[in-house]
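Secondary and tertiary structure notes
In case you want the letters, here they are:
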Amino acid sequence: MQGVKVYQEKLFNHFQMSDRIPPTNFYRRLKEVLHLDFLYSTTKKYYGLSGQKSIDPVVFFKMCLVGYLENIISDRRLVEHCSLRLDILYFLGYDIDEELPWHSTISRTRQLFPEAVFEKVFVHVFEMCVSKGMVKGSTQAIDSAPVKANFYG
């Protein structure tokens with residue numbers, strides 16, 4: 001007898017992200033080795049003492065990292081992409097029913113920090129990944145394109 005799948009949305013679910021993300025998943029492995037708690041002290045001076053709470057700096061930099069790894073340059077697209085991927089939600093520390101930060105919040109936060117903060121984060125993340133064996137160097141490649149010189153002779 002032919003079956004027909006009928007979708008019935010449940011009012012209550014028992015769902016754990018950690019059960020759905022395989023141990024070999026890149027973002028799960030990255031979550032296990034990437035410790036960005038140093039960001040709280042590094043970025044504290046860029047925030048005021050009053051007003052609404054901002055995006056968690058760890059979440060912000062993890063989203064920036066996802067954008068880099070997934071080759072996404074639009075903040076709008078980045079939020080959409082992250083909201084559709086269970087492994088990325090797990091990496092960011094969000095559950096399936098939690099709203100991600102607005103794209104405009106990400107844009108404003110990016111403008112808040114100077115280049116030195118981004119460089120410090122990059123070096124720190126790279127060092128952690130190398131120390132955990134996630135990055136290894138065995139090949140060097142250089143990409144170039146011939147460009148005709150503007151020569152006035």
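Before any of the text, the structure's been laid out above.
Residues numbered from 1 in each chain as written. Predicted model: local features only at pLDDT ≥ 70, side-chain atom pairs only at ≥ 80, totals over all residues. Heavy atoms only, no water.

All right, on to the overall build of the protein chain then. Scanning the protein chain for helices and strands turns up 8 helices and 0 strands. Compactness check: the protein chain gives a C-alpha radius of gyration of 21 Å against a globular reference of 15 Å for 153 residues, more than 25% above the reference. Across its three principal directions, the C-alpha atoms of the protein chain cover 80 × 55 × 35 Å. Out of the 153 residues belonging to the protein chain, those deemed buried represent 31%. Across the protein chain, the fraction of contacts at a sequence separation of at least 24, relative to all contacts at a separation of at least 6, is 67%. As displayed, the protein chain has an accessible area near 12100 Å², and 54% of this comes from carbon and sulfur atoms. (Helix = DSSP H or I, 4+ residues; strand = E, 2+ residues; numbered from the N terminus. Rg over C-alpha atoms; globule rule 2.2 N^0.38 Å. Buried < 20%, exposed > 50% of the residue type's maximum accessible area, 1.4 Å probe, protein only. Contact = heavy atoms within 4.5 Å. Areas by Shrake-Rupley, 256 points an atom, 1.4 Å probe, with all protein chains shown as cover.)

Positive phi, close to 60 degrees, is recorded for Asn71, a residue that is not glycine. Tracing the chain through its elements places Asn71 in the loop between helix H4 (57–69) and helix H5 (75–84).

Structurally, the position occupied by Asp87 is in helix H6 (residues 86–92). Residue class for Asp87 comes out buried when judged on its relative accessible area of 9%. Only 2.9 Å separates the side chain of Asp87 from the side chain of Arg85, close enough to count as a polar contact. With residues near it in sequence (within four places) discarded, Asp87 still touches Ile21, Asn25 and Tyr27. (Polar contact = N/O pair within 3.5 Å; in protein donor to acceptor, adjacent residues only side chain to side chain.)

Two numbers describe how H5 lies on helix H7 (residues 103–112): the axes approach to 8 Å, and their chain directions differ by 125 degrees. Between H5 and H7, the interaxial angle falls into the category oblique. The element H5 and its partner H7 pack so that their crossing is right-handed. Touching Asp75, Arg76 and Val79 of H5 are His103, Ile106, Ser107 and Arg110, all from H7. Considering only residue class, the contact of H5 with H7 consists of 2 nonpolar, 2 polar and 3 charged. (Axes fitted to C-alpha atoms, helices over the stretch in contact; angles between N-to-C directions. Parallel < 35°, antiparallel > 145°, perpendicular 65-115°, else oblique. Left-handed = near helix turned anticlockwise from the far one by under 90°. Nonpolar A, V, L, I, M, F, W, Y, C, P; charged D, E, K, R; others polar.)

Okay, the side chain of Arg28 next. Structurally, the position occupied by Arg28 is in helix H2 (residues 26–33). Taking the relative accessible area as the measure of exposure, Arg28 reaches 15% and is therefore buried. Among the polar contacts made by the side chain of Arg28, one reaches the main-chain carbonyl oxygen of Ile21 at a distance of 2.7 Å. Excluding residues within four positions of it along the chain, Arg28 makes contact with Ser18, Ile21, Pro22, Pro23 and Tyr90.

Per the counting criterion, the structure on display carries 11 aromatic pairs. When the ring of Phe60 is compared with that of Phe118, the centres are 6.2 Å apart and the planes differ by 70 degrees; the resulting orientation is edge-to-face. In this pair, Phe60 is assigned in helix H4 and Phe118 in helix H8 (residues 115–131), connecting sequence segments 58 residues apart. Since its relative accessible area comes to 27%, Phe118 is described here as partly exposed. Of the aromatic side chains, those joined through ring pairs into one cluster are Tyr46, Tyr47, Phe60, Phe61, Phe113 and Phe118. (Phe/Tyr/Trp six-rings, centres within 6.5 Å; stacked < 30°, edge-to-face > 60°.)

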